[in-house]
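Tertiary structure, described
Here is how the chains run, residue by residue.
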Amino acid sequence: MGNWLEERLEIENRYTIRKNVYRNRNISLLDSIGKAIQTEYFRKNMLSDSNETMVIVMDSVMKTQKLFAEVGAAHLPGKKKIGP
């Protein structure tokens, strides 16, 4: 974990730090913080794999009906292309 993050975590909880970074629209920093505090297993299963599953489901639904989708900020960064 980065030194700056360890120091911040001593005075602020991780949710407050991430909330403030999100409010500042710094998705890159939000992703870096996630990488520092989340396990690789969590990131794979809760972000990467779930993104792929949701894209498949959304694509299927959108072919026959309207769809509103809300995406959490943790799902936004990264270069992996998902979908057709």
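Residues numbered from 1 in each chain as written. Predicted model: local features only at pLDDT ≥ 70, side-chain atom pairs only at ≥ 80, totals over all residues. Heavy atoms only, no water.

A short note on helix H2 (residues 14-23)
Cut-off, in case you're wondering: With a 1.4 Å probe rolled over the protein chains alone, any residue whose accessible area is under 20% of its type maximum counts as buried; one over 50% counts as exposed, and the rest are partly exposed. A run of H or I in DSSP counts as a helix once it spans at least four residues, and a run of E counts as a strand once it spans at least two, with each numbered from the N terminus. Our arc is simply the arc of the directions from the helix axis toward the C-beta atoms. Throughout, a contact is declared for two residues whenever any of their heavy atoms are within 4.5 Å. Each polar contact in these results corresponds to two N or O atoms within 3.5 Å; when the atoms are within protein, one needs to be able to donate a hydrogen and the other to accept it, and residues that are neighboring in sequence are counted only if both atoms are side-chain atoms.
Of the residues making up H2, those classed as buried are Ile17, Arg18 and Val21. Buried residues in H2, looked at end-on, bunch into an arc of 95°, giving them a common side. For H2, the exposed residues set more than 90 degrees away from the buried face come down to Tyr15 and Arg23. Structurally, H2 contributes buried residues whose contacts are with helix H1 (3-11) and helix H3 (27-37). Two or three places before tyrosine 15, at the start of H2, stands the capping residue asparagine 13, its side-chain oxygen 2.8 Å from that residue's backbone nitrogen.

A look at the side chain of aspartate 31
Here aspartate 31 shows up in helix H3. When residues no more than four places from it in sequence are discounted, the contact partners of aspartate 31 are Arg43 and Pro77.

Observations concerning the pattern of salt bridges
This is how the line gets drawn: Salt bridge, as used here, is a side-chain nitrogen of Lys or Arg placed within 4 Å of a carboxyl oxygen of Asp or Glu.
Scanning the entire structure with this criterion turns up 5 salt bridges. The closest approach of N and O atoms between glutamate 12 and arginine 8, which form a salt bridge, is 3.0 Å. Judged by relative accessible area, which is 33%, arginine 8 ranks as partly exposed. For lysine 63, the salt bridge goes to aspartate 59, with nearest N and O atoms at 3.4 Å. Residue classification places aspartate 59 among the partly exposed positions, given a relative accessible area of 26%. Among the ionic contacts, a cluster of salt bridges with common partners joins Asp31, Lys35 and Arg43.

Side note on helix H4 (residues 40-62)
Selection criterion: Each helix should span, by expectation, one fewer than its residue count multiplied by 1.5 Å. Note that bend, as reported per residue, equals the angle between axes fitted to the 7 residues terminating at that residue and the 7 residues originating from it.
Taking 1.5 Å per residue, 23 residues should reach 33 Å; H4 reaches 31 Å between its end C-alpha atoms and fits that length. The largest bend in H4 amounts to roughly 35° and is located at serine 50. Taken together, the buried positions of H4 are Arg43, Leu47 and Asn51. Contacts from the buried residues of H4 go to H3.

Some remarks on the packing of H2 against H3
How two helices sit against one another is set out by the angle between their axes and by the gap between those axes. Where we set the bar: Fitted lines through C-alpha atoms serve as axes, helices being fitted only where they are in contact, and the angles separating the N-to-C directions of these axes extend from 0 to 180 degrees. Roughly parallel means an angle under 35 degrees; roughly antiparallel, over 145; roughly perpendicular, 65 to 115; everything else is oblique. Charged means Asp, Glu, Lys or Arg here, nonpolar means Ala, Val, Leu, Ile, Met, Phe, Trp, Tyr, Cys or Pro, and polar covers whatever is left, Gly included.
With their axes 9 Å apart at the nearest point, H2 and H3 run at an angle of 160° to one another. Judged by the inter-axis angle, H2 sits roughly antiparallel to H3. Together, Arg14, Ile17, Arg18, Val21 and Tyr22 of H2 and Leu29, Leu30, Ile33 and Ile37 of H3 make up the contact between the two elements. Considering only residue class, the contact of H2 with H3 consists of 7 nonpolar, no polar and 2 charged.

Everything listed is a geometric property; what it means functionally is a separate question.
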